[in-house]
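A closer look at the structure
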Amino acid sequence: MKKSLLAMLVLLMVTGCANTGTTDNDALVIGVDDTFAPMGFRNENNELVGFDIDLARALAEKMKVEIEFQPIDWSMKETELNGGNIDLIWNGYTITDKRKEQVAFSDTYLENSQIIVVLKDSDIQTKADLAGRAVSLQKDSSALEAVLGEAELAATFQGGAPTEFDTNIECFMDLEATRTDAIVCDEVFARYTIKQRGEEKYRVLEDDFGNEEYGIGVRKSDTELLADLNEALREARTDGTYDAVYQTWFAE
C-alpha cells in the first residue's frame, strides 16, 4: 500500500510539473537585436518598434499565426534558432553564403549596403585611408563578413583586424569618443542613427563594402513555415501592405 501511494504521489508530482511547464501558446518566437534601429529597437517608452516589427506583425496576420519577439545575443542567433529557442531570425538579417549553411532564408524583402561612417572632420576619404586606423563593427555581423572578405585591406587596420562590439550603438559611441576612427555597418541602421544623433557630427564615405539583401532566417527543416512566409510576403507586396510599412519607416 505504501509503495502504491508513493507511486501515485510521484505520478501526480510529475504531471503537475509537466502541466506547469506547458502552455497553450503556439506563437512563433522571433529573435531580434532590439538595438538595431530602424528595423527593431526600443523607443522612448521601452516598446519594441521598427520596420521589421511592423512587417512581422502584418505577415503574421496574413498567416493567421501568433508571434512573440525575443531579444537575443546577435552573435548567437543561428545557435538560438537551431537550438529551438526561437523560430525565426528577423531583424535586418543579411543573406550570406556562410549563413545559408546554417539556416534557410525567405525571399529578399529589403536591400542594404555596408557603408563606412567617420566623424565630420576626419581626414579619412577612401577605404585605402583606413590603413593604420581603428575600425569598428558589430560582432558576427554581415559587416564583419564584408570587411573580412577584403582580407588584405582588413589586415592593414590598427591591430591587424577590425574591433568588434556587441552592438552597432557601441560602435557609434566609440567613434564619438574618438577611440574608433571609422565604423562599418548596415546603411539602414547608420542613416537612421546619424539622423537621431546629429547629422552634423558624421560623414559617410563614397566607398563602401558592398551591397546586400535582407531575408528572414528559418530552420532548414521548417519548409512549410518558409513557404507560408514567402506566400504572405508576396501577398503583402501585391496588396500594398508592404508599401505602407515601408513608408512608415523609410519615407524620407
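Below is a short write-up of the structure. Just so you know, these numbers come straight off a predicted model, no measurement behind them.

Taken in spatial order, the five strands of this open sheet run 10-9-11-8-12, and their pairing is mixed. Either end of the sheet is taken by a strand with one partner, and the two such strands are strand 10 (163-165) and strand 12 (202-214). Mean inter-strand twist for the sheet, computed between neighbouring axes without regard to direction, equals 25°. Relative to strand 11 (residues 182-186), strand 8 (residues 110-119) runs antiparallel, the two sharing four bridges. Bridged to V117 within strand 11 is I183.

On to the pattern of salt bridges, then. A complete count under the given rule lists 17 salt bridges for this structure. Residue E187 pairs with R191 through a salt bridge whose shortest N-O separation is 3.1 Å. Here R191 and E187 lie together in helix 8 (residues 187-197), a separation of four residues that amounts to about one turn. Under the relative-accessibility criterion, R191 is labelled partly exposed at 44%. One connected set of salt bridges, linked through shared partners, spans K77, E78, R99, D140 and E145.

W90 and Y109 are the most contacted members of the largest nonpolar core, which has 44 residues in total. Contacts of W90, omitting those with residues within four sequence positions, involve I30, G31, V32, D52, L55, A56, L59, Y109, I216 and L229.

One way to put it is that helix 7 (residues 168-176) packs onto helix 8 with a least axis distance of 11 Å and a crossing angle of 50°. Looking at the two axes, helix 7 sits oblique to helix 8. Taken as a pair, helix 7 and helix 8 cross one another with a handedness that is right-handed. Side by side, helix 7 and helix 8 meet where N168, I169, F172, M173 and E176 of the first sit next to F189, A190, T193, I194 and R197 of the second. A breakdown of the residues in the contact of helix 7 with helix 8 according to their chemical character gives six nonpolar, two polar and two charged.

Definitions and cut-offs
- Residues numbered from 1 in each chain as written.
- Predicted model: local features only at pLDDT ≥ 70, side-chain atom pairs only at ≥ 80, totals over all residues.
- Heavy atoms only, no water.
- Pairing = 2+ DSSP bridges.
- Helix = DSSP H or I, 4+ residues; strand = E, 2+ residues; numbered from the N terminus.
- Axes fitted to C-alpha atoms, helices over the stretch in contact; angles between N-to-C directions.
- Salt bridge = Lys/Arg side-chain N within 4 Å of Asp/Glu carboxyl O.
- Buried < 20%, exposed > 50% of the residue type's maximum accessible area, 1.4 Å probe, protein only.
- Core = buried A, V, L, I, M, F, W, Y, C linked by side-chain atoms within 4.5 Å.
- Contact = heavy atoms within 4.5 Å.
- Parallel < 35°, antiparallel > 145°, perpendicular 65-115°, else oblique.
- Left-handed = near helix turned anticlockwise from the far one by under 90°.
- Nonpolar A, V, L, I, M, F, W, Y, C, P; charged D, E, K, R; others polar.

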